[in-house]
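Below are the chains, spelled out letter by letter.
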Amino acid sequence: RKQLEVGPLPRGGYSATPGMTTNTNNQSSGASFRMVTDVADWDKTVFTNAPGQSGDPRSIFYSNLFKGWANDQHFPVFFSKERVMASTKEKMLLVP
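Residues numbered from 1 in each chain as written. Predicted model: local features only at pLDDT ≥ 70, side-chain atom pairs only at ≥ 80, totals over all residues. Heavy atoms only, no water.

1. A closer look at the pattern of salt bridges
Piece 1. Summed over the entire model, instances satisfying the criterion amount to three salt bridges.
Piece 2. Of the charged contacts, one joins Asp56 and Arg58 as a salt bridge, the two residues approaching to 3.0 Å between their closest N and O atoms.
Piece 3. Residue Asp56 is classed as partly exposed on the basis of its relative accessible area of 26%. (Salt bridge = Lys/Arg side-chain N within 4 Å of Asp/Glu carboxyl O. Buried < 20%, exposed > 50% of the residue type's maximum accessible area, 1.4 Å probe, protein only.)

As structure tokens, then:
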């Protein structure tokens, strides 16, 4: 359990506000995934997810987005090959 848990972190608001989390520090409702997309320029897309980019608790990317998510911060998500390659930290080749 200790390996899977990444919080808690306090979040503002209550069940009727944007970014709702209920009235406690324990998120029991509300969005854990948010994305804003500019369809005129896909490289301007921003995103957040909790707790991170990986579902593997051994990965450095398992909880890397949690603090930003809790503070309503987003990060860029690139679509053009040049921007994707410039921001890539790790590659994985899957072969059937």
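Having put the structure on the table, let's press on.
2. Quick look at the layout of surface pockets
Piece 1. Taken as a whole, the largest pocket encloses approximately 480 Å³ of empty space.
Piece 2. Taken together, 14 residues make up the lining of the largest pocket; nearest its centre are Gln53, Phe75, Ser87, Thr88 and Lys89.
Piece 3. At the level of secondary structure, the elements contributing two or more residues to the lining of the largest pocket comprise strand S3 (75-76) and helix H2 (81-87).
Piece 4. For the lining of the largest pocket, the per-class residue count stands at seven nonpolar, five polar and two charged. (1 Å grid on protein atoms, 1.4 Å probe; cavity = no way out; pocket = protein on both sides within 12 Å on 5 of 7 lines; lining within 4 Å. Points joined across faces, edges and corners; volume = space filled by probe spheres on them. Helix = DSSP H or I, 4+ residues; strand = E, 2+ residues; numbered from the N terminus. Nonpolar A, V, L, I, M, F, W, Y, C, P; charged D, E, K, R; others polar.)

3. Thoughts on a nonpolar patch on the surface
Piece 1. A surface patch of nonpolar side chains, about 330 Å² in accessible area, is lined by Val39, Trp42 and Phe79.
Piece 2. With respect to the secondary-structure elements, Val39 resides in the loop between strand S1 (33-36) and strand S2 (46-49).
Piece 3. The exposure class of Val39 is exposed, given its relative accessible area of 61%. (Patch = residues over 30% accessible without salt bridge, like charges linked within 9 Å, V, L, I, M, F, W, Y side chains within 5 Å. Areas by Shrake-Rupley, 256 points an atom, 1.4 Å probe, with all protein chains shown as cover.)

4. Some thoughts on the environment of Ala50
Piece 1. Among the secondary structure elements, Ala50 is positioned in the loop between S2 and helix H1 (66-70).
Piece 2. Linking Ala50 and Phe33, residues 17 residues apart in sequence, is a C-alpha distance of 6.7 Å.
Piece 3. Ignoring sequence-local partners within four residues, the contact set of Ala50 consists of Ser32, Phe66 and Trp69. (Contact = heavy atoms within 4.5 Å.)

5. Details of unusual backbone geometry
Piece 1. Looking along the chain, the bond that leaves Ala50 and enters Pro51 is cis, with omega of 5°.
Piece 2. Within the secondary structure, Pro51 is located in the loop between S2 and H1.
Piece 3. Its identity as a non-glycine residue notwithstanding, Asp72 has a phi of 55°, on the positive side.
Piece 4. If you trace the backbone, Asp72 turns up in the loop between H1 and S3.

6. Some thoughts on the packing of aromatic side chains
Piece 1. Counted by the stated rule, this structure contains four aromatic pairs.
Piece 2. Judged by centre distance (5.4 Å) and plane angle (80°), the ring pair of Phe47 and Phe75 falls under edge-to-face. Of this pair, Phe47 sits in strand S2 while Phe75 sits in strand S3, and the two are 28 residues apart along the sequence.
Piece 3. Phe47 gets classed as buried once you look at its relative accessible area, which sits at 16%.
Piece 4. These aromatic residues form a ring-pair network of at least three members: Phe33, Phe47 and Phe75. (Phe/Tyr/Trp six-rings, centres within 6.5 Å; stacked < 30°, edge-to-face > 60°.)

Keep in mind these values describe shape, not function.
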